[in-house]
Structures are given as C-alpha cells and as structure tokens.
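Observations on the model geometry
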Amino acid sequence: SLPLESIRRSATPSRSNGLSVLVTGAAGFVGTHCSLALNKRGDGVLGLDNFNSHLYDPSLKRHRQSLLASHSILVLDADINDSRLLSLLFASFPFSHVLHLAAQAGVRYAAKNPHSYIHSNVAGLVTLFESAAKAADPQPAIVWASSSSVYGLNKNSPFSESHTTDRPASLYAATKKAGEAIAHTYNHIYGLSITGLRFFTVYGPMGRPDMAYFFFTKAILAGKPITIFRSPDGKDVARDFTYIDDVVKGCLGALDTAKPSTGRPGGGPKTGPAQLRIYNLGNTSPVPVAKLVSILEKLLGTKAKKNIITMPSNGDVPFTHANVSLAAKDFGYRPTTNLSSGLSKFVNWYVNYYGIKLKTSTGATEAA
Ligand code: NAD
C-alpha cells in the first residue's frame, strides 16, 4: 500500500503555479541536485529510485535520500519497471511533469552487466512512457536524460543536435539512442510531450564514484597510480566537463518550457502536436583529462602517479564538445562554472564526506 498522504505532501508545490514533478532516479547524483533545486523554488517533488548497487555503493544513494528527506522530499524505493505503481501514482496525483533520470549509467560497466542497461534504459523507459501515456489528461510532460554518448565516434565538433548519432561506441550509448527513438514513437502515437537532454560528463559534489574525476581523487589521496588515456591518434582525450549546477539550471529550464500534453488516442481530440525536443546540455569548453588531473593535484596538494596508455576500445569516446545554442535560445541555458572552480567545490565536498584532512596548507586552503 502506498503512503498516499506523504506522497501528496511531497508532491504538492508550495508556490502558486508551481510544478509537481515525479523525479525518477531521485537518489542518484543528478536527481538529488535537481530535486533540491525544484523544492527550493517551491515546486512539489516526489522521488523514486530502486537504490541498486550495480554501478557504485548505494550508501551514497541513502546519504542523498536522507538529505532530501531533511528537505521534506520523499523518495519511494521502487523500480521504474513497476507499471502498476506508476499507474497508481499518476492516478493518485496530478503530476505536471516527470523528470526521468533513472537509468543504468556508466559506459564501461556496460561490458560487465549489459542486461542492466536494457532493464532500466529500454524496458524501464517504455514502462514510464506507457504509464504516462495512459495517465488522465493532461498527461505529464516528460523531460528525460539522454547522453552526449549518442554522438559516439563523431569527429565533427562541437556536437550539434542535428549531427548524426548512428555510431554508438558502447551499449550504454546504444540504449540512450534507442530511448530517443522510443521517445519519437510515444510522441507520435500517444501525443506525449517529451524533451530529451543530452548531458555532457556531469561532475560535482555528491557525484558518481565510478567517474574519472571521483576515482582519480580517491587514488591520488591514497598514493595509488591512475591511468590516463591517450586517444589512438595520439591526441589528448578531452571531455566537455559540465558542472552539476549548470546541468540543474538546464533541467529546470527544460521543465519550465515543457508543456503537458492533452488528448490521447481514444481520449478526445489532440489540441495540436505535442512537443518533441532534444537539447545538448554541456559546458562548451572541452578540457584534456591530463589538465583535469593537474587541477586535482593542485587542489589536493598531492602529485598523481600517472600511467599514460593508449585508450582501449572500452566504450569511451576520445572527445566530446557541446554546442548549446539550441538550449540557449529556447530556455536561456548558459553554463557558467569552469572546471577549476567546479572541481574545487567537488574536493571540498569529498574531504568533508569522507572525513579527510588534506596534507598541505595549499590544498587545505583550496579545499576548505
Ligand atoms: P546515478 O546512477 O547517480 O543516478 C541514476 C539513479 O537511477 C540511481 O540512483 C539508480 O539507483 C536509479 N535507477 C537505475 N535504474 C533504476 C530503475 N530501474 N528503477 C528505479 N531507479 C533506477 O547517475 P547520474 O549521473 O545521476 O545520471 C542521471 C541520468 O543522467 C541517467 O539517465 C544517466 O544516464 C544520465 N547521464 C548522466 C551523465 C553524467 O555525467 N552524470 C552524463 C550523461 C547522461
């Protein structure tokens, strides 16, 4: 049985005309930050997460859940494949939006557990779209996380939304590309309003331990060697690292301009074509991974032991770079945090969370 009263309390906006948003993957990295930001401006948020232990230790997810609870945001422990639950939620509460962030993330882990990607990113996405399509009018507008990985081995940079995405380099990328195709179908047949956001390497406090900036920090502090990839053509591997607060602003901008759709087949005439949008959310300024390491060394006051090798075919792509002019035009998206200041905020969180004292005074000052 569902805690309906707690759900209603969590999902009801505190400002007039506020949104009520079902956030899936709410105990994840991006989901926690978005839920906090929505709650802060008076929108209602109900979270949902299955707290799986696939990619990283779920104790960090429980930590994020407690933080959300301290802001009166409820996160249900459930799987997006639970269609009965989703239908019940949509029937019990008139969500204006769904921010769908629940997914099996991680490019390299796909080689170890391919079916977890199909379960969450394909089957789970279909279950969510299916339940939203059957919700009473107006159906909630869906904003969901695709990924920059759909650009695959594209060499034509910066990447624009119109560029080809037909060479995914990992199963993760392939499931996100499949998600974009499935979004097209649910928009076309059911008139669901769907906005896909292609995030570019998001980093920041409470981030994912499987991502390079995070495990580099851990290894550098432990005096353990780190492996840095050189691209097969000898060039530096570079990423368009995007700070979490910028991505959150992009998600909120997309939600604010996403219109719930009305009229489904059999449920009355459509009021016009429903939205189907896709946007890059990146930083527009790629940084070589070697430079990321040197920033971390400075912040941590410790030299890294570097092992530089040619990138294996592990699903990673050598280069990403976002063109964000579409998101800028449609909802004023403008990233403002550079890698040094974003990483300094991450290191500050990291040392607090793990109770670490930095050795040098430079490091301590930077991270304090
Ligand atoms: P994350 O792993 O921290 O968050 C995802 C959350 O979804 C997790 O808490 C997980 O427990 C939950 N989840 C997974 N499968 C589920 C299921 N079947 N049912 C319910 N909950 C489930 O990852 P994140 O970095 O916060 O990513 C959020 C979204 O953004 C994901 O869709 C990811 O693919 C996408 N994305 C992230 C990045 C990035 O750099 N962080 C880049 C591109 C795209």
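About the criteria used
Residues numbered from 1 in each chain as written. Predicted model: local features only at pLDDT ≥ 70, side-chain atom pairs only at ≥ 80, totals over all residues. Helix = DSSP H or I, 4+ residues; strand = E, 2+ residues; numbered from the N terminus. Rg over C-alpha atoms; globule rule 2.2 N^0.38 Å. Buried ≥ 20, exposed ≤ 12 C-beta atoms within 10 Å, placed from the backbone. Contact = placed C-beta atoms within 7 Å. Domains from an automatic or database assignment. Nonpolar A, V, L, I, M, F, W, Y, C, P; charged D, E, K, R; others polar. Near = placed C-beta within 6 Å. Axes fitted to C-alpha atoms, helices over the stretch in contact; angles between N-to-C directions. Left-handed = near helix turned anticlockwise from the far one by under 90°. UniProt positions renumbered as here; feature names shortened; annotations may be inferred. Core = buried A, V, L, I, M, F, W, Y, C linked by C-beta atoms within 7 Å. Parallel < 35°, antiparallel > 145°, perpendicular 65-115°, else oblique. Expected span 1.5 Å × (residues − 1). Bend = angle between axes of the 7 residues up to and from the residue.

Scanning the protein chain from terminus to terminus reveals 12 helices and 13 strands. For 368 residues, the compact-globule estimate of 2.2 N^0.38 gives 21 Å, and the protein chain sits close to it at 20 Å. Judged by the C-alpha coordinates and their principal axes, the protein chain covers about 65 × 45 × 40 Å. Split into buried and exposed, the 368 residues of the protein chain put 48% on the buried side. In the protein chain, the share of contacts with a sequence separation of at least 24, taken over all contacts with a separation of at least 6, comes to 81%.

What follows concerns the domain arrangement of the protein chain. Each assigned domain of the protein chain is listed here: domain 1 (4-202 + 242-281) and domain 2 (212-237 + 285-319 + 337-367). Centre-to-centre, using C-alpha coordinates, domain 1 lies 29 Å away from domain 2. The partner domain 2 presents 7 residues to the 14 residues of domain 1 that form the contact. When grouped by side-chain class, the residues that make up the side of domain 1 that touches domain 2 number 7 nonpolar, 4 polar and 3 charged.

A few words now on the site of the ligand. Surrounding the ligand, one finds 28 residues, the nearest of these being Gly 25, Gly 28, Phe 29, Ala 103 and Ala 145. Elements supplying a minimum of two residues to the shell around the ligand: helix 2 (29-40), helix 5 (114-133) and strand 5 (141-147). It is helix 2 that contributes the most residues to the shell around the ligand, 3 residues altogether. Here the residues of the shell around the ligand are counted per class, giving 13 nonpolar, 11 polar and 4 charged.

This brings us to the packing of helix 4 (residues 83-92) against helix 5. Two packed helices can be described by the angle between their axes and the distance between those axes. Viewed as axis vectors pointing N to C, helix 4 and helix 5 meet at an angle of 35°, and their least axial separation amounts to 9 Å. Here helix 4 and helix 5 pass one another in a crossing that is right-handed. Residue-level inspection shows Ser 83, Leu 86, Ser 87 and Phe 90 of helix 4 in contact with helix 5, the latter providing Thr 127, Leu 128, Glu 130, Ser 131 and Ala 132.

Attention shifts here to the UniProt feature "domain: NAD-dependent epimerase/dehydratase" (unreviewed entry) in the protein chain. Those places that UniProt annotates as "domain: NAD-dependent epimerase/dehydratase" (unreviewed entry) correspond, in this numbering, to residues 21-257. Counted over residues 21-257, helix gives 41% and strand 18%. Its end C-alpha atoms are 14 Å apart.

On to the nonpolar core, then. When a protein is soluble and globular, its nonpolar side chains tend to lie buried together. Counting residues in hydrophobic clusters, the biggest one holds 103 residues, and the most contacted among them are Val 21, Val 143 and Cys 251. Both domain 1 (4-202 + 242-281) and domain 2 (212-237 + 285-319 + 337-367) contribute no fewer than three residues apiece to this core. Setting aside residues up to four positions removed in sequence, Val 21 forms contacts with Leu 38, Asp 43, Gly 44, Val 45, Phe 95, His 97, Val 98, Leu 99 and Leu 255.

Right, let's get into the packing of helix 7 (residues 212-222) against helix 9 (residues 289-300). Interaxial distance between helix 7 and helix 9 falls to 10 Å at its minimum, and their mutual angle equals 45°. Looking at the two axes, helix 7 sits oblique to helix 9. Like other packed secondary-structure pairs, helix 7 and helix 9 cross with a definite hand, here right-handed. Contacts between helix 7 and helix 9 pair Ala 212, Tyr 213, Phe 216, Thr 217, Ile 220 and Leu 221 from the former with Val 289, Leu 292, Val 293, Leu 296, Glu 297 and Leu 300 from the latter.

Attention now goes to helix 5. The end-to-end C-alpha distance of helix 5, which contains 20 residues, comes to 28 Å, matching closely the 28 Å that a straight helix rising 1.5 Å per residue would cover. The sharpest bend along helix 5 measures roughly 35° and falls at Gly 124. Along helix 5, the positions that sit buried rather than exposed are Tyr 117, Ser 120, Asn 121, Gly 124, Leu 125, Leu 128, Phe 129, Ser 131, Ala 132 and Ala 133. For helix 5, the elements touching its buried residues are strand 1 (20-24), helix 4, strand 4 (97-100), strand 5 and helix 6 (171-190).

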